[in-house]
Amino acid sequence: MVFFYIAVIIYLYGDLAIYTVAVPKSLANVSCIAGLKDENNVTLCWKGVSHDTAYRIFVLIYVLCIGPFVFFNAQKTTLLQICSSILRHTSFFIMVVIAIDRIAKHTHGVPKAQDVKPVVFDKIPDFIGVSVYCFMCQHSLPSFITPMKNQNRATAVLFSALAACLGIYTLVCYTATFSFNDIEDVYTLNFAHFGVIPIRYFLELYPVFCLTASYPIIGITLRNNLKTLFSKGDYPWFVDRIVFPLLTIIPPTIIGLCTENVEFLVSYTGAFSGTAIQYVIPACFVLLGRIKIKEVFGREASSVNKNHSVFSSNLWPIVLLIWAGCCMSFVLYYKINAAIHPTP
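Throughout, a residue's number is its position along its own chain's written sequence, starting from 1. Confidence filtering applies because this is a predicted model: local features only for residues at pLDDT of at least 70, side-chain atom pairs given and counted only at 80 or more, and all residues used for totals across whole chains, interfaces and linings. Values reported for side chains reflect all heavy atoms of the structure, with hydrogen atoms and water molecules removed beforehand.

Draft legend 1. Summary view of the overall build of the chain. Numbering of helices and strands runs from the N terminus, with a helix taken as a DSSP run of H or I at least four residues long and a strand as a DSSP run of E at least two residues long. If you tally the helices and strands in the chain, you get 11 helices and two strands. Walking the chain from its N terminus toward its C terminus, one meets helices and strands in the order α-β-β-α-α-α-α-α-α-α-α-α-α. Whereas a compact globule of 344 residues would reach a radius of gyration of roughly 20 Å, the chain reaches 23 Å, a difference of no more than 12%. In terms of overall dimensions, the chain has C-alpha extents of about 75 × 60 × 45 Å along its principal axes. Note on exposure labels: buried denotes an accessible area under 20% of the residue type's maximum, exposed denotes more than 50%, and partly exposed covers the range between, all computed with a 1.4 Å probe on protein chains only. A total of 344 residues make up the chain; the buried ones form 34% of that total. The contact criterion used is simple: two residues touch if any of their non-hydrogen atoms lie within 4.5 Å. Taking all contacts inside the chain whose residues are at least 6 apart in sequence as the whole, residues at least 24 apart take part in 77%. Only four residue types enter the charge count, namely Lys and Arg as positive and Asp and Glu as negative; His and the chain termini do not. Working definition for charges: the position is that of NZ of Lys, CZ of Arg, CG of Asp or CD of Glu. Counting 24 positive and 18 negative side-chain charges, the chain places the centres of these two groups 10 Å from one another. Only C-alpha atoms enter the radius of gyration; for comparison, a globular chain is expected to reach 2.2 Å times N to the power 0.38, where N is the number of residues.

Pasting the structure below:
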C-alpha cells in the first residue's frame, strides 16, 4: 500500500507540475507580442519584460488564482466534466481538420513526405513516457462498468472505448507529423499563426480552460493521498487545512518556475510513476488478488467468473511486469547517459 500511495503521489505531483507549466505557457504565448526582441536579441513579451519573466509572472498568477481551491473539497463535478469533454472533442476535431487542410494545400511549413523520419531513436524514451501518460485511463473504468446492467458486454465496451482513444491519438499524431516541421511540446501552440482569429485563440487557450478545470480535482486528490500516506489519526486543524494543501501546491509551483519544458515533465511522469500505476500496480493487484481468492473460496473460485477476460492467464500480469521493468530500465539508462554525455 505504501508503494501504491507513493507512486500515485509522485504521478499527481507530475500532473500538477505539467498543468502549472502548460497553462502559463499558453497564456504567455497568447498575450506576448510576436517577434519583439531587445538590443541583445533576447525575446521579449512586452517592452522591457522578457518572455521568461512573463512566463513566471503567469505561473504565479495562475497558482494564486486556482491554488486556493485545493484548500476546499470538490463536489458535483458532473457539469464541469461535461464542459471539459465538449472542449476536448471540439479542439481535437478542429486541430485534425486544420492539419489535414495544411497537408492537402501544401501550406508553407508542411514537411515533404520523404523528409519525415520514420523513427527518431533519441526520442524513444520520451515517446515511452508520453504514451504511458496519454493512456492513463484506469480511473475511467468504474464509470464504464458500474452503470452496466448486463456486464457480459463489458469486454466489448471497454475494447471499443480504448480502440476509439487509440484511433483519435493516432489521427492527431499522424496529421501533426505531416503538417508541421517542428511540433511544439504543447501542440495547440502550433496553431498560433492560424488565420481565423477566433479559432486561433480558442486552440491556444484550450489548455487554459481544460487543465484549469482539472487542477482543483487533482490537487484535492493529491492532498487526500498525502494525508492517507502520513495518516496518524486526526490531524490538527492547521495541519489538515493549511499544511497539506500547501504541500500539494508548492512543489509543482517551484517546478513551474524552474522550467517550461512540458515534454520533459510528461516523459518523466509517464515513464516512471505512470508505468508503476499503469502496469506494475494492476499486475501485482491481479496476482495477489487471485492468490487471496483461492485461499478464501478455494481453487475452483477463479473459474466461476463468466465474464473473465481472454487475458485471464497469470502469464499476462507477469508479461506486464517484465515490460514495465524493461521500459523503466531503458528510459533510466538513456536519461543517465544523456546527462553524462549531453548532445552538443
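Draft legend 2. The arrangement of the pattern of salt bridges in detail. For this analysis, a salt bridge means a side-chain nitrogen from Lys or Arg found within 4 Å of a carboxyl oxygen belonging to Asp or Glu. Within the structure shown, the criterion is met by six salt bridges. Between Asp240 and Lys227 there is a salt bridge, and its shortest N-O distance comes to 2.7 Å. Here Asp240, found in helix α9 (residues 237-258), pairs with Lys227, found in helix α8 (residues 206-229); they are 13 residues apart in sequence, far enough to count as distant. Across the pair, Lys227 and Asp240 agree in class, each one buried. Arg241 is paired through a salt bridge with Asp240; the nearest N and O atoms lie 3.7 Å apart. A cluster of three or more residues bridged by salt bridges with shared partners is formed by Lys227, Asp240 and Arg241.

Draft legend 3. How the structure looks around helix α3 (residues 78-105). The terminal C-alpha atoms of α3, which comprises 28 residues, lie 41 Å apart, in line with the 40 Å expected from a rise of 1.5 Å per residue. If you check which residues of α3 are buried, you get Ser84, Ser91, Ile94, Met95, Val96, Ile98, Ala99 and Arg102. One or two residues past the end of α3 sits His106, with phi positive at roughly 50°. Under the convention used throughout, the expected extent of a helix is 1.5 Å for every residue step, that is, one less than its residue count.

Draft legend 4. Structural view of the layout of surface pockets. A cavity here means a set of points on a 1 Å grid, drawn over the protein atoms and nothing else, where a 1.4 Å probe fits but cannot get out; a pocket is an open set with protein on both sides within 12 Å along at least five of seven lines, and a residue lines either one if it has an atom within 4 Å of a point. Grid points are joined across faces, edges and corners, and a volume is the space filled by probe spheres set on the points. Of the volumes computed, that of the second largest pocket is approximately 750 Å³. The wall of the second largest pocket is formed by 31 residues, among which Asn29, Leu189, Ala192, His193 and Glu204 lie closest to the centre. When contributions to the lining of the second largest pocket are tallied by element, the ones reaching two or more residues are α1 (2-31), α3 and α7 (197-204). Residues are grouped as follows: Ala, Val, Leu, Ile, Met, Phe, Trp, Tyr, Cys and Pro are nonpolar; Asp, Glu, Lys and Arg are charged; all remaining types, including Gly, are polar. Of the residues contributing to the lining of the second largest pocket, the split by class is 14 nonpolar, eight polar and nine charged.

Draft legend 5. Structural view of the packing of α1 against helix α2 (residues 51-66). In contact at an axis separation of 8 Å, α1 and α2 are set at 125° when each is read in the N-to-C sense. Compared by their axis directions, α1 and α2 come out oblique. Handedness of the α1/α2 crossing: right-handed. Counted together, Tyr19, Thr20, Val21, Val23, Pro24, Lys25, Leu27, Ala28 and Ser31 of α1 and His51, Tyr55, Phe58, Val59, Tyr62 and Val63 of α2 form the full contact between these two elements. Lines fitted to the C-alpha atoms define the axes, with helices restricted to the stretch that makes contact. Angles between their N-to-C directions range from 0 to 180 degrees. If an angle is under 35 degrees, it is roughly parallel; if it is over 145, roughly antiparallel; if it lies from 65 to 115, roughly perpendicular; otherwise it is oblique. Crossings are sorted by hand: turned counterclockwise from the far helix by less than a right angle, the near helix makes the crossing left-handed, and turned clockwise it makes it right-handed.

Draft legend 6. Inspection of the state of the cysteines at higher detail. Disulfide assignment relies on a single distance test, namely cysteine sulfur atoms paired within 2.5 Å. Under the counting rule described, the total for this entry stands at one disulfide. Disulfide pairing is shown between Cys32 and Cys45; the S-S distance is 1.8 Å. As the torsion about the S-S bond is roughly -95°, the Cys32-Cys45 disulfide counts as left-handed. Of this pair, Cys32 sits in the loop between α1 and β1 (44-46) while Cys45 is found in strand β1, placing the two residues 13 residues apart along the sequence. Residue classification places Cys45 among the buried positions, given a relative accessible area of 0%. Among the cysteines around Cys326, which has no disulfide bond, Cys327 carries the closest sulfur, lying 7.0 Å off. Overall, Cys326 belongs to the partly exposed group, its relative accessible area being 45%.

Draft legend 7. Main features of the packing of aromatic side chains. Stacked, tilted and edge-to-face pairs are distinguished by plane angle, under 30 degrees for stacked and over 60 for edge-to-face with tilted covering the rest, among Phe, Tyr and Trp rings (Trp via its six-membered ring) whose centres lie within 6.5 Å. In total, this model carries 11 aromatic pairs according to the counting rule given. When the ring of Tyr11 is compared with that of Tyr133, the centres are 6.0 Å apart and the planes differ by 45°; the resulting orientation is tilted. Placement of the pair is Tyr11 in helix α1 and Tyr133 in helix α4 (residues 124-134), with a sequence separation of 122 residues. Grouping residues by exposure puts Tyr11 and Tyr133 together as buried.

Draft legend 8. Quick look at the nonpolar core. Put simply, buried Ala, Val, Leu, Ile, Met, Phe, Trp, Tyr and Cys residues joined by side-chain atoms within 4.5 Å make one nonpolar core. Ranked by size, the top nonpolar core spans 41 residues in total, and within it Ile18, Tyr19, Tyr62, Tyr215, Leu222, Val262 and Ile277 carry the most contacts. Elements that contribute at least two residues to this core include exactly α1, α2, α4, α8, α9 and α10 (262-297). Sort the elements by how many residues they give to this core and α1 lands first, with 13 residues. Counting 11 residues, the second-largest nonpolar core is a separate cluster that includes Ile94, Met95, Ala99 and Phe191.

Draft legend 9. Region of interest: the side chain of Gln278. Examined against the element boundaries, Gln278 turns out to sit in helix α10. Any pair of N or O atoms that falls within 3.5 Å is considered a polar contact. Within protein, one atom must be able to donate a hydrogen and the other to accept it, and sequence-neighbouring residues count only if both atoms are side-chain atoms. Here the side chain of Gln278 touches Tyr279 through a polar contact of 3.5 Å, side chain to side chain.

Draft legend 10. How the structure looks around the environment of Cys65. With respect to the secondary-structure elements, Cys65 resides in helix α2. Sequence separation of Cys65 and Phe330 is 265 residues, and the distance between their C-alpha atoms is 39 Å.

Geometric descriptors of this kind do not, in isolation, establish any biological role.
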